[in-house]
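A closer look at the structure
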Amino acid sequence: QVHVEESGGGLVQPGGSLRLSCAASGSIFSINAMGWYRQAPGKQRELVARITSGGSTYYADSVKGRFTVARDNAKNTVYLQMNSLKSEDTAVFYCNAEVVVTGGSAARYNYWGQGTQVTVSS
């Protein structure tokens, strides 16, 4: 089994910053990529940022220039530094880990955290 856990959410004023962390643990052989998704009320879940084990990154257009994703492969941990936050960033942020598990095939599986609430409000 693989467990994914996010932390770092909270309440911040517009223009402020937050740093989210996500750690994957359990029967992990390797992690191909880890990413951050968010879901606001009444909207579909969207990919915010993603980083591969090799360091390649992806950002949604809405967060480019404001958010930065980084990782520590040795700790199976990914971070999301969020700057210049806007009210429209308010959402539950979910961490996703694309994992090759131990004791099986080389197939990759996606595991999700429970989410952490980010609220941007004055």
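First things first, this report covers the structure right here in the doc. All values reported here derive from a predicted model rather than from experimental measurement. (Residues numbered from 1 in each chain as written. Predicted model: local features only at pLDDT ≥ 70, side-chain atom pairs only at ≥ 80, totals over all residues. Heavy atoms only, no water.)

So, the pairing of strand β11 (residues 116-120)
Judged by which residues are buried, β11 turns out to be one-sided: Thr-116, Val-118 and Val-120 face inward and are buried, whereas Gln-117 and Thr-119, on the alternate face, are not. Bridging between strand β2 (residues 10-12) and β11 involves three bridges; their strand directions are parallel. Residue pairing for β11: Val-12 is matched across the bridge by Val-120. Across three bridges, strand β9 (residues 91-101) lies against β11 in antiparallel orientation. Bridge pairing links Phe-93 to Thr-116 in β11. (Buried < 20%, exposed > 50% of the residue type's maximum accessible area, 1.4 Å probe, protein only. Helix = DSSP H or I, 4+ residues; strand = E, 2+ residues; numbered from the N terminus. Pairing = 2+ DSSP bridges.)

Observations concerning the environment of Gln-114
On the secondary structure map, Gln-114 appears in the loop between β10 (108-112) and β11. Residue class for Gln-114 comes out exposed when judged on its relative accessible area of 72%. Once the C-alpha coordinates of Gln-114 and Val-4 are considered, the two residues, 110 residues apart in sequence, prove to be 7.8 Å apart.

Things to note about unusual backbone geometry
Even without glycine at this site, Asn-76 takes up a positive phi of about 50 degrees. In this structure, Asn-76 sits in the loop between β7 (67-72) and β8 (77-82). Residue classification places Asn-76 among the partly exposed residues on the basis of a relative accessible area of 23%. Phi is positive for Ser-84, which is not a glycine, with a value near 50 degrees. Residue position: Ser-84 is located in the loop between β8 and β9.

Some remarks on the sheet that holds β8
One open sheet accounts for four strands, arranged β1-β3-β8-β7; its pairing is antiparallel. Edge positions in the open sheet fall to β1 (2-7) and β7, since each of these has one partner strand only. Sheet twist, expressed as the mean angle between neighbouring strand axes with direction ignored, is 15 degrees. The pairing of β7 with β8 spans six bridges and is antiparallel. Residue Val-69 lies in a different strand from β8, and its bridge partner there is Leu-80. (Axes fitted to C-alpha atoms, helices over the stretch in contact; angles between N-to-C directions.)

Purely geometric numbers; function is a separate question.
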